[in-house]
Amino acid sequence: MTIAQRNTFRILLLISVVYFFAFGIPNNTGAKDEMMVSLFEPDEFAQYPIVVKMLTPHETLSDTVLNFVAYRHYYYGSPFYFGSAAVVFFPKIFGEWKNTQLHLLLLRQLISVLPMLGAALLLTYTQTKFRSRWKSIGLLLLLLSVSAVVENNMWWHVDSLAVFFIALTFYFLDQDELRFGRNFLLAAASVGLATGTKVIGLFFFLTIPTYLLIGVTRQQISWRKAFQYGALFVGVMAAAIVASNPFLLIPSQFTRMVRILSQQSAAMSEGWTLAYAKGPGSWLHIIEELYGKVIFIALAFLALGLGIWRSANRTLHILIATWAIPFGIYVLFAIAIKPTHFFLPILLPVFSSLVVLFEFPPFVKQPSNRAVAWIFGALTVAIIAYQFVAYIGKDVTMVRQVVTREQTEESLFFYRTLEKEHLPRIQSDEKLVVFRDVRMYFPEGPQWKIRSYWNSGYDVIEEIRPDLVILWAQRILDYTRPGAQENAVDPAKFQDTYQFYVDADADQLRGYRLVYRNEEGLFFVSEAIYEEFFK
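The shown structure was predicted, so the numbers you read here are calculated from the model rather than taken from an experiment.

Chemist: Break down the overall build of the protein for me, with residues and values.
Modeler: Along the protein, the regular secondary structure elements total 24 helices and five strands. When its C-alpha atoms are laid out on the principal axes, the protein stretches across 85 × 60 × 50 Å. Split into buried and exposed, the 535 residues of the protein put 54% on the buried side. Here the contacts in the protein between residues at least 6 apart in sequence split such that 72% fall between residues at least 24 apart.

Chemist: Lay out the nonpolar core with the relevant residues and their values.
Modeler: L348, F351 and L354 are the most contacted members of the largest nonpolar core, which has 153 residues in total. If one sorts the elements of this core by residue count, helix α6 (residues 100-128) sits on top with 12 residues. In contact with L348, not counting residues within four places along its chain, are M116, L123, L143, V146, V149, V163 and F343. With 23 residues, the next largest nonpolar core counts F435, I464, V469 and L471 among its residues.

Chemist: Before we move on, can you summarise the packing of aromatic side chains with the specific residues and values?
Modeler: Under the defined criterion, the tally for this structure stands at 44 aromatic pairs. A centroid spacing of 5.2 Å and a plane angle of 50° characterise the contact between F184 and F233, whose relative ring orientation is tilted. Note that F184 is positioned in helix α10 (residues 182-198) and F233 in helix α12 (residues 223-244), a separation of 49 residues in sequence. Relative to Y501, the ring of F500 has its centre 5.1 Å away and its plane inclined at 80°; by these criteria the two rings are edge-to-face. As far as burial versus exposure is concerned, F500 and Y501 are alike and both buried. Stacked on the ring of F40, the Lys or Arg R405 has its end atom at 4.9 Å from the ring centre. If you follow R436 out to its NZ or CZ, it ends over the ring of F45, 5.7 Å from the centre.

Chemist: Please give an account of the pairing of strand β5 (residues 521-526) that cites residues and values.
Modeler: Burial runs high along β5: six of the six residues are buried. Both faces of β5 are covered, namely the face carrying G521, F523 and V525 and the face carrying L522, F524 and S526. Bridge count for strand β3 (residues 468-472) against β5 is five bridges, and the pairing is antiparallel. Bridge pairing in β5 places L471 opposite L522.

Chemist: Let's hear about the environment of S78: which residues, and what values?
Modeler: Tracing the backbone through its elements, the reader meets S78 in helix α5 (residues 78-93). Taking relative accessible area as the criterion, S78 reaches 0% and is therefore assigned buried. Linking S78 and Y19, residues 59 residues apart in sequence, is a C-alpha distance of 27 Å. Excluding residues within four positions of it along the chain, S78 makes contact with Y71, G83, G196, S244, N245, P246 and F247.

Chemist: Any chance you could break down the packing of helix α15 (residues 294-310) against helix α17 (residues 344-352) for me, citing the residues and the numbers?
Modeler: Any two packed helices are characterised by the angle at which their axes cross and by the distance between the axes. α17 packs onto α15 with a crossing angle of 65° between their chain directions and a minimal axis gap of 8 Å. Considering how the two elements wind past one another, α15 and α17 form a crossing that is left-handed. For the pair α15 and α17, contact is made by F296, I297, A300, F301 and L304 and by L347, V350 and F351, respectively. The residue inventory of the contact of α15 with α17, partitioned by class, reads eight nonpolar, no polar and no charged.

Chemist: I'd like a description of the sheet that holds β5, backed by residues and values.
Modeler: Strand order in this open sheet of five strands is β2-β1-β3-β5-β4, and the pairing throughout is mixed. Across the chains shown, the open sheet's two edge strands, defined by having one partner strand only, are β2 (448-453) and β4 (512-517). The average undirected angle you get between the axes of adjacent strands in this sheet is 20°. Those strands touched by helix α23 (residues 491-505) are β1 (432-437), β3, β4 and β5, and its axis lies near 95° from that of β3.

Chemist: Any chance you could break down a nonpolar patch on the surface for me, citing the residues and the numbers?
Modeler: Taken together, the side chains of M1, F9, L13, V17 and F21 define a hydrophobic patch exposed on the protein surface, amounting to about 480 Å² of accessible area. Note that F9 resides in helix α1 (residues 3-22).

Chemist: Break down the environment of S145 for me, citing the residues and quoting the values.
Modeler: Among the structural elements, S145 can be located in helix α7 (residues 133-145). In this structure S145 comes out as buried when scored by relative accessible area, which is 4%. Dropping the residues within four chain positions of it, S145 is found in contact with V150, F388, Y391, I392 and D395.

Chemist: Can you lay out the side chain of T210 for me, pointing to particular residues and giving the numbers?
Modeler: In this fold, T210 is placed in helix α11 (residues 207-217). For T210, a relative accessible area of 16% corresponds to the buried category. Leaving out residues up to four positions away in the same chain, T210 has contacts with I318 and T322.

Chemist: How would you summarise the pattern of salt bridges if you had to cite specific residues and measurements?
Modeler: Counted under the stated rule, the structure contains 11 salt bridges. With a closest N to O distance of 2.4 Å, D505 and R517 form a salt bridge. One end of the pair, D505, is in helix α23; the other, R517, is in strand β4, and 12 residues separate them in sequence. Residue classification places D505 among the partly exposed residues on the basis of a relative accessible area of 36%. The exposure class of R517 is partly exposed, given its relative accessible area of 39%.

Chemist: Account for the packing of helix α9 (residues 159-176) against helix α16 (residues 314-334), with residues named and values stated.
Modeler: Viewed as axis vectors pointing N to C, α9 and α16 meet at an angle of 150°, and their least axial separation amounts to 10 Å. Handedness of the crossing formed by α9 with α16: right-handed. For the pair α9 and α16, the contacting residues are I166, F170, L173 and D174 in the first and L316, L319, I320 and W323 in the second. Taken together, the residues of the contact of α9 with α16 sort by class into seven nonpolar, no polar and one charged.

Chemist: Let's hear about α6: which residues, and what values?
Modeler: Here α6 contains 29 residues, and its C-alpha end-to-end distance of 41 Å stays within 8% of the 42 Å for a straight helix at 1.5 Å per residue. At V113, α6 shows its maximal kink, close to 25°; a proline, P115, follows between one and four residues later. Within α6, 25 of the 29 residues are buried, which leaves it mostly tucked inside the rest of the structure. Positioned one or two residues after α6, K129 has a phi angle of 55°, which is positive.

Criteria and thresholds
Residues numbered from 1 in each chain as written. Predicted model: local features only at pLDDT ≥ 70, side-chain atom pairs only at ≥ 80, totals over all residues. Heavy atoms only, no water. Helix = DSSP H or I, 4+ residues; strand = E, 2+ residues; numbered from the N terminus. Buried < 20%, exposed > 50% of the residue type's maximum accessible area, 1.4 Å probe, protein only. Contact = heavy atoms within 4.5 Å. Core = buried A, V, L, I, M, F, W, Y, C linked by side-chain atoms within 4.5 Å. Phe/Tyr/Trp six-rings, centres within 6.5 Å; stacked < 30°, edge-to-face > 60°. Lys NZ or Arg CZ within 6 Å of the ring centre and 35° of its normal. Pairing = 2+ DSSP bridges. Axes fitted to C-alpha atoms, helices over the stretch in contact; angles between N-to-C directions. Left-handed = near helix turned anticlockwise from the far one by under 90°. Nonpolar A, V, L, I, M, F, W, Y, C, P; charged D, E, K, R; others polar. Patch = residues over 30% accessible without salt bridge, like charges linked within 9 Å, V, L, I, M, F, W, Y side chains within 5 Å. Areas by Shrake-Rupley, 256 points an atom, 1.4 Å probe, with all protein chains shown as cover. Salt bridge = Lys/Arg side-chain N within 4 Å of Asp/Glu carboxyl O. Expected span 1.5 Å × (residues − 1). Bend = angle between axes of the 7 residues up to and from the residue.

Next comes the structure, spelled out in C-alpha cells:
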C-alpha cells in the first residue's frame, strides 16, 4: 500500500471501531434471561442452549470433544457454532457462566457486527483499492448504513459470517488476477467456508466456471488447465467444508444433517405451518423497506452492468453478476418464508459496484455531451443521497426501538400483571409445568418448569399436561383467520392446531380455564389449579 492508501485505511478503521462499539448499546438489551431472549429473538433462543450444551463437560475427554463437535443443530454449520462457543467460553473463565446478558452482548458484537464490518471493508477495498479516499469512505458508509445490515447487527445469527466469507471469496478472486495461484485456492477455501456455514457458497456454481472461462478467453490458461484448476478448486472447497464441519465424518451425524437440511429446504419453499406467497411481489415490501427503493437498486444494477461493459476491473463485476443474479432469482421465486436478511449476501456486493458510476463523466474526464453527462451525474448523486438519508432515518428508528424494547414490550407488561395479581394465588408445594408460547415472557423459577413452543395443539398439551398455559394473542389471530385451514402446509396436521387455537380464543380450551386475557396474551390454568386456587 502507498502512504495515501494506508491513511485511507486508518480512517476506515476508525469509522469501523466507532461503528462496532456503537452497537454495544442496543445489543446490551433484551437478554436478562433466556426467556427474555426468546421473547425478542426466538432464533437466538433456539441457538443459545446449543452453545451452552457444547461447552458442558462430560465424564471423559473423548465424550466432551464428541459433545462439542456433534452439536446436532445442523441448520447452521460448525464455523458459526464453534465461533459462538469460543465467544461464550471466555466469560466462563472469569466466572460469568450464567450471565446471559453478557453472553448475548458478546455474541451479537463478535459474531454479527464484527464479521459484517469485515465484509464491508473487504468489498470496499476490492472495489476501490483505497486509492480514492472519498470513494472508499463513501462506499463503506453506504454499505454500513443499509437498513438490513443495521437490523442484522442487532441479533446473533449466522448471516454476517456467511456474508463475510462471500466478500472474502470476491477479494481472493480479485487478488488472483487470473493467475490461478495461491489466491485462487484461498478463494476455494472461502467458498468452502461459506458453504459449510450456511450452504449458500454453492451459489458460486456459475461464478467459478465463468472465472475459468475468462482465463481461457484471455489466453491465461488452456482448456485442459481450466478443467484441472476447476477440479482443484472443487477439491479444496470440499476439504474446507469437511475440515470446518468435522461432524460430517460421523455417519449418524451426517445423516441427521441431511434430514435437517431437507426439512429446512421444504419449509423454506412452502412455509412453516401456513403456506406463504412466492414471487417478487411478495418480497417487494421487505426489499424497499430494508434494502432500498426500486430506483436505487436499479441504479446499482446499472452500475454493475457499466462495470461489466467498460470499467477498470470488468472481471470483478462479471463475477458479482454471476453470483448475485442466479441467487437472487432463486430467493425471489423459490423461497416462501421471508427472512429479511436473505438478500444481504446478494445485494451488498451489487451495491459495492456503485463506485463504477464515478468512473464516468461528469465525475472524470471532459464529457462529449455535457448536458447529458451532467444530468446523469446529478441524478446519480441525488438517488444515492436520497437512499442514504432514507437508510439513516430507518436505522435510527430501529435502533431506538431495540434500545427501549424492555420498557415498551407488551409481553413484559402481561407477565407483570400475572406476577402481581394471579400467580401469588397459586400456593403449591409441587413444581408446576408451564406451557408458554416463545413470544410470551415467563421466567424460570423454583416453582415452575417451563416448556416453550413456537405453536401448539391438543396433541402437545395432552403429552406434557401443563398446569399453566400462556398463549400469544397474535398466534391465535394468525392461525384462526379466514383461509388458514386452506393455506396450511399440512392440512391434516394443522387441523389439531387450528381447533386448539379456536377453542382458546373462545375460552373453551379442553381441561383449562381462562384466568386473564388482554390484547397481548391469554393465561389459562388447569381445572385442578382453578378449583383449588381461583374458584
